[in-house]
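Below are the chains, spelled out letter by letter.
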Amino acid sequence: DEHKKRDTVEEEVTEEMLKEVIDVYISETDSVSLLDIPSTVMSVDTDESEAIIERNRQYAEVCRNRMGNDKYMERSMQTLSGAAKDKHVQSDAVVMVNTGWAHCFPSELRNYVNVAFTGCGHVVSSTKHHRSGSVHDQCKQPFSVVSTAVSSLKEVDAFGSTSGAESDLQLIMQSETFQNCLLVMEKSILGNTFQPDLAAYRQLPVLEDPDFPVGQRKEETESGGPPALQRLWAFSCELNRGRSVRSMAWNKKNTDLLAVGYGENDSGDLTPGLVCCWSLKNPTWPERVLHCDSAVTSLDFSANNPSRLAVGMLNGNIAIYDVQGREQNSHVVSSSECLKKHLGPVWQLRYNQQGLSFAGEKVEELFSVSAEGRISRWFEFNTGLDCTDVMKLKRIHNTKKKARGNNTEKTGSVLTAMTPGLCFDFYPTDPSVYLVGTQEGLIHSCSSSNNQHFLDTFRKHFCAVNCVAWCPLSPDVFLSCSSDWTIQLWKLDQLNPVLGFTSIQRAVCDIKWSPKWATIFGAVNEGQLEIWDLNSSFLDPVAVQPAAPGVTMKSLLFTSRADCVLVGDSDGQVTVYQLKNLRVGESSQGISASFLPGGYSARPLL
């Protein structure tokens, strides 16, 4: 069939048609209701108002006279239920095991509201009267009574016969399932106990407790004022009490996991070392405890394999541990059998990305610097570790020789025996370039592709350089601290420092840049923690936290996702401080040229 457009017939309108009168009749159609909602309010002028008023009066009279009226009865009604269906199943018989019983008085229930069992077999009790105190101080009572129920025959068979109650109790306590339950219970209770401090750490609102209102916390409700450091909590337990904190490192994937190495600086100290992996969910007891052959001097987590932890020791050994496994001292490989191992203390370890592989993945390598003057690159094998030397730090002596025929003097440099290396740091944008600080006070710029010559040498310190650190937000700027009481700010293209800082006449042990603000860095000397802000002052730190009497601060570490800083001391404590009232700009803003006047010293140096 063919579809055609229908021709329209146009009728001509004449003048008579326009003058013709046409009548149009409009009538009302039937109403159609789509929705009818009865009104609850009615005007008194309507015809039905009298009936509604009478009904309301009768209802009010019934409500007023129903109480005490014999005709009123209040009872429940039950609807008819369907016919019950029976279903037969076959299951194992329920086995009951008697594990112990104990009396509990009402006074104990009112006082002790939180009970948790630690993985070491202790009972942790937290009372509402001692909520602000530390829980680990109460970990002194042995685990005595455990009441549990076994839900299946398989667990009973795994634990052994039910005839011996004592043996069954020990098997239950040592089971992995029971230990996991204790860990979950402990973290839940500690999360409630440390909730105000953890909320301040994560910048979250603090939940108010009627027994311990937020208004009673002293500094937490204050806003404004000068910059300050507020103590939140400390990672400490009886295992590391009295040991010196030598190194700290965050896990690069799980930022809630902190590794802390404990040891002593004395080369004659033969005390075994200790590594504790702390979690923010449990500040009172470490998640993993690693016992080392010698005192720990440095450590670092791997980025490609976050469960690998490299540990450097005082005797020159390097061991890589798997912190994911629950076995104690489950080290993967060690350098104890390596012929090229360090003969002196390993002062610093660092995992560094060294380009891409053929498969497109980032290649990560482990570097170390030791007291014998060697910077080594380590390779991991099934049988252990092996290394190659990237640089040997030879001591530089300046010599003067008088030339013949005139009175001028020529200067030169002579390389002699190697000098100990104490610290190093890699350039943020070029992983092949790094800085190394030596015991003689020099800072050498080196390249991993040239193991014979230094690129540059920065001279200012006249004592051992304890730490060098590149600014993560301004790559061409780095800091150095020394035992000569000073902190120096350098630029890569200048061999002389552009700024010098000093506050007290004490050796500066460690220094770190803030990962969020380019003008803020922290420094730790033997007596206090200092927070410097180049945007506020070159002369004095904006915030100072003195050390406890008889305690020396050793190491420093900023948090990556919070405005907090961690300080390790000689007593084994790692204290968390919150930075408050810092007046800074954008975190990604680098150091401008106005902050770096050439050759300016913030304070006259002695």
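Please read all numbers here as calculations on a predicted model, not as lab measurements.

Visitor: Sorry if this is basic, but what is going on with unusual backbone geometry here?
Guide: Despite not being glycine, Trp485 has its phi angle at roughly 75 degrees, a positive value. With respect to the helices and strands, Trp485 occurs in the loop between β24 (477-482) and β25 (487-491).

Visitor: Just to check I follow, could you spell out the packing of helix α5 (residues 165-174) against helix α6 (residues 176-193) for this structure?
Guide: The angle between the axes and the distance between the axes are what describe a pair of packed helices. It is at 5 Å that the axes of α5 and α6 come closest, and there the two elements cross at 60 degrees. The angle between α5 and α6 falls in the class oblique. Contacts between α5 and α6 pair Ile172, Met173 and Gln174 from the former with Glu176, Phe178 and Gln179 from the latter. For the contact of α5 with α6, a count of residues per class yields three nonpolar, two polar and one charged.

Visitor: Can you help me understand the environment of Trp485 in this one?
Guide: On the accessibility criterion, Trp485 (33% relative accessible area) is partly exposed. Between the C-alpha atom of Trp485 and that of Val508, which follows or precedes it by 23 residues, the distance is 5.7 Å.

Visitor: What is the right way to read a nonpolar patch on the surface from this model?
Guide: Taken together, the side chains of Val32, Leu34, Leu35 and Ile37 make up a nonpolar region of the molecular surface, amounting to roughly 560 Å² of accessible area. Structurally, Leu35 can be placed in the loop between α1 (15-19) and α2 (49-65). The class of Leu35 is exposed, set by a relative accessible area of 69%.

Visitor: Explain the pattern of salt bridges here, please?
Guide: Should their charged atoms come close, side chains of opposite charge can pair. Counting across every chain of the model gives 14 salt bridges. Here Asp425 ties to Arg350 by a salt bridge, and the two come within 2.9 Å at their closest N and O atoms. Highlighted residues: Asp425 in strand β19 (residues 421-426) and Arg350 in strand β13 (residues 346-356), separated in sequence by 75 residues. A cluster of three or more residues bridged by salt bridges with shared partners is formed by Glu372, Arg374 and Asp389.

Visitor: What am I meant to see in the environment of Cys564 here?
Guide: Relative to the helices and strands, Cys564 is located in strand β32 (residues 564-569). Distance from Cys564 to Gln578, taken between C-alpha atoms, is 4.3 Å for residues 14 residues apart in sequence. Not counting residues within four places of it along the chain, the set of residues in contact with Cys564 comprises Tyr201, Leu232, Phe558, Thr559, Val576, Tyr577 and Gln578.

Visitor: Can you help me understand α5 in this one?
Guide: Given 3.6 residues to a turn, an α-helix orients residues that are three or four positions apart in the same direction. Along α5, the positions that sit buried rather than exposed are Asp168, Leu169, Ile172 and Met173. Take α5 and look down its axis: the buried residues cluster within an arc of 135 degrees, on one side only. Facing away from the buried side of α5 by over 90 degrees, the exposed positions are Glu166 and Gln174.

Visitor: Looking at this model, I keep getting lost on the pairing of strand β33 (residues 574-580). Mind explaining?
Guide: Regular strands show a simple pattern: their side chains alternate between the two faces of the sheet. The element β33 is largely enclosed, with a buried count of seven among its seven residues. When strand β4 (residues 228-235) meets β33, the two strands line up antiparallel, connected through seven bridges. When the bridges of β33 are listed, Phe235 appears paired with Val574. Here β32 folds back onto β33 in antiparallel fashion, the turn holding four residues, of which Gly572 has a positive phi close to 95 degrees.

Visitor: Is there a simple way to think about the environment of Cys467 in this case?
Guide: If you trace the backbone, Cys467 turns up in strand β23 (residues 465-470). Sequence separation of Cys467 and Val508 is 41 residues, and the distance between their C-alpha atoms is 8.8 Å. Leave out the neighbours within four places in its chain, and Cys467 touches Cys423, Leu479, Ser480, Cys481, Asp510, Ile511 and Lys512.

Visitor: Whenever I open this one, the UniProt feature "repeat: WD" (unreviewed entry) in the chain confuses me. Can you help?
Guide: Within this numbering scheme, the UniProt entry marks residues 458-493 as carrying the feature "repeat: WD" (unreviewed entry). Taken end to end, residues 458-493 comprises 0% helix and 53% strand; its first and last C-alpha atoms sit 10 Å apart.

Visitor: Honestly, the nonpolar core in this entry has me stumped. Any pointers?
Guide: Considering soluble globular proteins, one finds that nonpolar side chains tend to be buried as a cluster. Core analysis: the biggest nonpolar cluster contains 26 residues, and Tyr201, Trp233, Phe235, Leu258, Leu566 and Val574 have the highest contact counts within it. Contributing elements (two or more residues each) for this core: α7 (195-201), β4, β5 (244-250), β6 (257-263), β7 (274-279), β32 and β33. Beyond its immediate stretch of four places on either side in the chain, Tyr201 contacts Leu232, Trp233, Trp250, Leu280, Thr559, Ala562, Cys564 and Val576. Membership of the second largest hydrophobic core comes to 20 residues, among which are Leu499, Phe501, Val508 and Leu534.

Visitor: It is not clear to me how the packing of aromatic side chains should be interpreted in this structure. Could you clarify?
Guide: For the structure on display, the rule yields 15 aromatic pairs. Aromatic pair Phe235 and Trp278: ring centres 5.5 Å apart, planes at 50 degrees, arrangement tilted. Here the residue Phe235 occupies a position in strand β4, and Trp278 occupies one in strand β7, the gap between them amounting to 43 residues. Taken together, Tyr427, Phe458, Trp470, Phe478 and Trp490 form an aromatic cluster joined through their ring pairs.

Visitor: I'm lost on the confidence of the model for the chain in this one. Help?
Guide: Atom-level detail of predicted coordinates should not be read off regions where pLDDT is low. Per-residue confidence for the chain gives a mean pLDDT of 78; residues scoring 70 or more make up 74%. Ignoring residues within four places in sequence, the model shows residues 109-162, a span with pLDDT below 50, making 93 contacts including any to other chains. In the model, residues 597-606 has pLDDT below 50 throughout and makes 26 contacts with residues more than four positions away in sequence or in other chains.

Visitor: What is the right way to read the sheet that holds β5 from this model?
Guide: Within a sheet, adjacent strands bond to each other through the backbone by hydrogen bonds, running parallel or antiparallel. Read across the open sheet, the four strands follow the order β5-β6-β7-β8; overall the sheet is antiparallel. Of all the strands in the sheet, the pair left with one neighbour each is β5 and β8 (288-291). Neighbour-to-neighbour, the strand axes of the sheet open up by a mean angle of 20 degrees, direction not taken into account. Examined bridge by bridge, β5 and β6 share six bridges and lie antiparallel to one another. Across the sheet, residue Ala249 finds its bridge partner in β6, namely Ala259.

Visitor: Is there a simple way to explain the sheet that holds β4 in this structure?
Guide: Taken together, the four strands give an open sheet; going across it, the order is β4-β33-β32-β31, and neighbouring strands pair in antiparallel fashion. Strands at the two margins of the open sheet, each flanked by one partner only, are β4 and β31 (553-558). Across this sheet, the average inter-strand angle for adjacent strands is 25 degrees, counted without regard to direction.

Visitor: Can you help me understand the pairing of strand β14 (residues 362-370) in this one?
Guide: Burial analysis of β14 places seven of its nine residues in the buried class, the great majority of the element. Examined bridge by bridge, β14 and strand β15 (residues 374-380) share four bridges and lie antiparallel to one another. In the sheet register, Ser368 faces β15, and the bridge partner there is Ser376. Taken together, β14 and the strand that follows it, β15, pair antiparallel across an intervening segment of three residues, in which Gly373 is found at a positive phi of about 90 degrees.

Cut-offs used in this document
- Residues numbered from 1 in each chain as written.
- Predicted model: local features only at pLDDT ≥ 70, side-chain atom pairs only at ≥ 80, totals over all residues.
- Heavy atoms only, no water.
- Helix = DSSP H or I, 4+ residues; strand = E, 2+ residues; numbered from the N terminus.
- Axes fitted to C-alpha atoms, helices over the stretch in contact; angles between N-to-C directions.
- Parallel < 35°, antiparallel > 145°, perpendicular 65-115°, else oblique.
- Contact = heavy atoms within 4.5 Å.
- Nonpolar A, V, L, I, M, F, W, Y, C, P; charged D, E, K, R; others polar.
- Buried < 20%, exposed > 50% of the residue type's maximum accessible area, 1.4 Å probe, protein only.
- Patch = residues over 30% accessible without salt bridge, like charges linked within 9 Å, V, L, I, M, F, W, Y side chains within 5 Å.
- Areas by Shrake-Rupley, 256 points an atom, 1.4 Å probe, with all protein chains shown as cover.
- Salt bridge = Lys/Arg side-chain N within 4 Å of Asp/Glu carboxyl O.
- Arc of directions from axis to C-beta.
- Pairing = 2+ DSSP bridges.
- UniProt positions renumbered as here; feature names shortened; annotations may be inferred.
- Core = buried A, V, L, I, M, F, W, Y, C linked by side-chain atoms within 4.5 Å.
- Phe/Tyr/Trp six-rings, centres within 6.5 Å; stacked < 30°, edge-to-face > 60°.
- pLDDT = per-residue confidence, 0-100.

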